[in-house]
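Given next are the chains, with one letter for each unit.
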Amino acid sequence: GRHPVKRIGPGIVGEMSTRYNGAFIIPDLDEAVDTSPAVEKECHSSCTAVFAAYEACAERIVDKPEGHCTGQYLDYFACIDHCAAGKKFAHTKG
């Protein structure tokens with residue numbers, strides 16, 4: 001049968017006995033280094049044309065309350081993600 005689900009606040013909590021703490025994935029958090037900010041900054045130079053399109057959109061809509069640049073914003077971060085993916089995983093152990 002289905003397990004009952006209780007709604008508490010904005011989230012949904014199931015019938016789990018303990019909360020997951022991630023301890024078995026990264027045994028020593030002192031050794032973990034998040035390279036994402038540096039890699040993403042490095043990748044910006046590969047995505048300048050897409051970023052320029054985002055900035056141009058932002059300038060066009062500055063006085064328009066209904067305007068948005070979500071598409072350009074997502075395009076920019078898709079470019080960053082594409083560039084950064086290989087570089088981020090190159091730093092992992094394993």
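Before going into details, it helps to say that this report is about the structure given with it.

Section: helix α1 (residues 36-43)
For the α-helix, the turn length of 3.6 residues means that residues three or four positions removed from each other point alike.
Item 1. Among the residues making up α1, those that are buried are S36, V39 and C43. Seen along its axis, α1 keeps its buried residues to an arc of 70°; they face one direction. Away from its buried face by more than 90 degrees, α1 exposes P37, A38 and K41.

Some details on a nonpolar patch on the surface
Item 1. A cluster of nonpolar residues, Y73, L74 and F77, forms a patch on the protein surface that exposes about 290 Å² of accessible area.
Item 2. With respect to the helices and strands, F77 occurs in helix α3 (residues 70-90).
Item 3. The exposure class of F77 is partly exposed, given its relative accessible area of 33%.

Points about the pattern of salt bridges
Item 1. Tallying each qualifying case throughout the model produces 1 salt bridge.
Item 2. Its salt-bridge partner being E42, residue K87 comes within 3.0 Å of it at the nearest N-O pair. On the criterion of sequence distance, the pair formed by K87 in helix α3 and E42 in helix α1 is long-range, its members being 45 residues apart.
Item 3. Using a relative accessible area of 30% as the deciding quantity, one classes K87 as partly exposed.
Item 4. Residue E42 is classed as partly exposed on the basis of its relative accessible area, which comes to 47%.

Some details on the packing of aromatic side chains
Item 1. In this structure the tally under the stated criterion is 5 aromatic pairs.
Item 2. Between Y73 and F77, the aromatic rings sit 4.9 Å apart at their centres with planes inclined by 55°, giving tilted as the arrangement. With Y73 and F77 both in helix α3, this residue pair falls 4 residues apart, about one helical turn.
Item 3. Chaining the aromatic ring pairs together yields one cluster made of F51, Y54, Y73, Y76 and F77.

Reading the values: rules and limits
Residues numbered from 1 in each chain as written. Predicted model: local features only at pLDDT ≥ 70, side-chain atom pairs only at ≥ 80, totals over all residues. Heavy atoms only, no water. Buried < 20%, exposed > 50% of the residue type's maximum accessible area, 1.4 Å probe, protein only. Helix = DSSP H or I, 4+ residues; strand = E, 2+ residues; numbered from the N terminus. Arc of directions from axis to C-beta. Patch = residues over 30% accessible without salt bridge, like charges linked within 9 Å, V, L, I, M, F, W, Y side chains within 5 Å. Areas by Shrake-Rupley, 256 points an atom, 1.4 Å probe, with all protein chains shown as cover. Salt bridge = Lys/Arg side-chain N within 4 Å of Asp/Glu carboxyl O. Phe/Tyr/Trp six-rings, centres within 6.5 Å; stacked < 30°, edge-to-face > 60°.

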